[in-house]
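Understanding the architecture of this molecule
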Amino acid sequence: AVVSTQSTGHRTARIVSIAPELHFDVSCLVTVFRPRIGAVFSGRVVKVGPGYVNCLVYGYFSAVVYNRFPEPPSVGSEVRFRLHFVQVSVDNNLILKGSPV
C-alpha cells in the first residue's frame, strides 16, 4: 500500500499519565495496489538494459519488462506491458515482471 500522511494541524500531543506514549491525531490516504496476472499496465522507463526495460508503475512500483519491443524505448518514455509475475522479495519489495503489449 502507498500511504501519504497529512497533519491535522495540531502541533501538540496529549500525554496520558499512566502510559509512556504520546497521542497525535493523524489522518492518511491509503492506496492499495493489488496487481493481477494478465493485467495491462503503463510504466515510465527509468533504465534500458540488454534484454530488459525497468520502469515505474504509478510512479512508485518497479517493474521489469522483457525487451521485445520493435524499437527499444528510451529513458523517460512510457511503455505498456502485460503482467506475468508478481512476488514479494525477502526484503519486502514488490517484484513485477511482464512483456510488452
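Treat the numbers as computed from the prediction; the structure is a model and nothing was measured.

Turning to the pairing of strand 8 (residues 78–88), a few remarks are in order. The pairing of strand 5 (residues 40–49) with strand 8 spans five bridges and is antiparallel. Considered in strand 8, the bridge of Val40 is made with Arg82. Direction of pairing for strand 8 relative to strand 9 (residues 94–100): antiparallel, over a ladder of seven bridges. Bridged to Phe81 within strand 9 is Pro100.

Here we come to the side chain of Ser99. Within the element layout of this structure, Ser99 appears in strand 9. For Ser99, the side chain forms a polar contact with the side chain of His84, separated by 2.6 Å.

Right, let's talk about the nonpolar core for a bit. Counting residues in each nonpolar core, the largest one holds 14 residues, and the members touching the most others are Phe33, Phe41, Cys55, Val57, Ala63, Phe81 and Leu96. Elements with a minimum of two residues in this core: strand 5, strand 6 (52–57), strand 7 (61–66) and strand 8. Setting aside anything within four residues of it in sequence, one finds Phe81 in contact with Ala39, Val40, Phe41, Cys55, Val57, Ala63, Val65, Gly98, Ser99, Pro100 and Val101.

Reading the values: the criteria
- Residues numbered from 1 in each chain as written.
- Predicted model: local features only at pLDDT ≥ 70, side-chain atom pairs only at ≥ 80, totals over all residues.
- Heavy atoms only, no water.
- Pairing = 2+ DSSP bridges.
- Helix = DSSP H or I, 4+ residues; strand = E, 2+ residues; numbered from the N terminus.
- Polar contact = N/O pair within 3.5 Å; in protein donor to acceptor, adjacent residues only side chain to side chain.
- Core = buried A, V, L, I, M, F, W, Y, C linked by side-chain atoms within 4.5 Å.
- Buried < 20%, exposed > 50% of the residue type's maximum accessible area, 1.4 Å probe, protein only.
- Contact = heavy atoms within 4.5 Å.

So far we have only geometry, and geometry alone does not tell us how the molecule works.
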